[in-house]
Amino acid sequence: MIIKMGKVYLVGAGPGDVSYLTVKAYRLLQTAQVLVYDALVDSQLLDCVPGNCLKIDVGKRGGQPSTSQTEINDLLVKYCLEGKQVIRLKSGDPFIFGRCLLEITALKTAGCDFELIPGISSALAAPLLAGIPLTDNVLSRCFAVCTAHEPDTLNWEALASLETLVILMGGKNLPEIIHQMIKYGKSYSTPIAIIRWAGTPNQQIWTGELENILQQTAGLSLSPAVIVIGEVVRLRDYL
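Since we're looking at a predicted model, the values are computed, not measured.

Participant: Help me out: how do you make sense of the environment of P224 in this one?
Facilitator: Summarising the element assignment, P224 is placed in the loop between α7 (213-216) and β10 (225-230). Leave out the neighbours within four places in its chain, and P224 touches I195, R196 and W197.

Participant: It is not clear to me how the pairing of strand β1 (residues 7-12) should be interpreted in this structure. Could you clarify?
Facilitator: Walk down a regular strand and you will see the side chains alternate between the two sheet faces. A large share of β1 lies buried, amounting to five of its six residues. Sheet topology places β1 next to strand β4 (residues 85-90); six bridges connect them, and they run parallel. Its bridge partner being in β4, V11 is matched across the sheet by L89. Direction of pairing for β1 relative to strand β5 (residues 113-117): parallel, over a ladder of five bridges. Across the sheet, residue V11 finds its bridge partner in β5, namely I117.

Participant: Before we go on, may I ask you to explain the packing of aromatic side chains in this structure?
Facilitator: For any pair of aromatic rings, geometry is given as the distance between the ring centres together with the angle between the planes. Applying the stated rule across the entire model yields zero aromatic pairs. It is K78 that lies over the ring of Y79; its NZ or CZ is 5.1 Å from the centre.

Participant: Would you explain the sheet that holds strand β6 (residues 143-147) in this entry?
Facilitator: The strands that make up a sheet are held in pairs by hydrogen bonds between backbone atoms, and each pair lies either parallel or antiparallel. Strands sit in the order β6-β7-β10-β8-β9 across an open sheet of five strands; the sheet is mixed. Every interior strand has two partners, whereas the edge strands, β6 and β9 (204-209), have only one. In this sheet, neighbouring strand axes are inclined to one another by 15 degrees on average, regardless of whether the strands run parallel or antiparallel.

Participant: Help me out: how do you make sense of the sheet that holds β5 in this one?
Facilitator: In space, the five strands of this open sheet follow the order β3-β2-β4-β1-β5, with parallel pairing throughout. Among the strands making up the open sheet, the edge pair consists of β3 (54-57) and β5. Neighbouring strand axes in the sheet, compared pairwise and without regard to direction, differ in orientation by 15 degrees on average. Together, β1, β4 and β5 form the strand contacts of helix α3 (residues 100-109), whose direction differs from that of β5 by roughly 155 degrees.

So, how was this worked out
- Residues numbered from 1 in each chain as written.
- Predicted model: local features only at pLDDT ≥ 70, side-chain atom pairs only at ≥ 80, totals over all residues.
- Heavy atoms only, no water.
- Helix = DSSP H or I, 4+ residues; strand = E, 2+ residues; numbered from the N terminus.
- Contact = heavy atoms within 4.5 Å.
- Buried < 20%, exposed > 50% of the residue type's maximum accessible area, 1.4 Å probe, protein only.
- Pairing = 2+ DSSP bridges.
- Phe/Tyr/Trp six-rings, centres within 6.5 Å; stacked < 30°, edge-to-face > 60°.
- Lys NZ or Arg CZ within 6 Å of the ring centre and 35° of its normal.
- Axes fitted to C-alpha atoms, helices over the stretch in contact; angles between N-to-C directions.

Structure follows, in structure tokens:
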């Protein structure tokens, strides 16, 4: 008797809109037997899988009940060992704040085969879709990407010294981000952009300076959003 081995594909879905999937990711979705997916922006991604594909929503949403990482790991191992082709669909790129290492460790421990499929990270896509270049030979010779989900863990002094900073998962902590930027040397007039729902019909963009962006966005939900801080934000008007 031949036992069919399953395989888990850790796939990046891009910033959300189905049109930003890679060709390889799209082809894999069309053959999926089990889809384990995060809180994705574009529901059309779920229409890419066969009708008999088992769809399991494990999306983590701030402040709401969500599937634990251990449960997600167990699901991937379970269906892989049953011989299924499993797609673990993650927003953006799997290795950009995607908790991939925990899932890979569980798969390796169980002897499961897996493959990583890159995706376009919102850290790169959102600024581009907003017309903001992350590099410029005068204004920005480097940039950094961080998550402000846990702002107390960040080296704000080092981050504030950079020419361009891209911050994910920072909408809720925008006041703290601004406080830390100014505390460690950024000018009140430093440009800032907030891009919400990047690459979708609901995309919204706010631009301003550290001293006034809170007034512009007061009372608004800034999730999901990408924040860009640096002089390159001013190039948006030109581009």
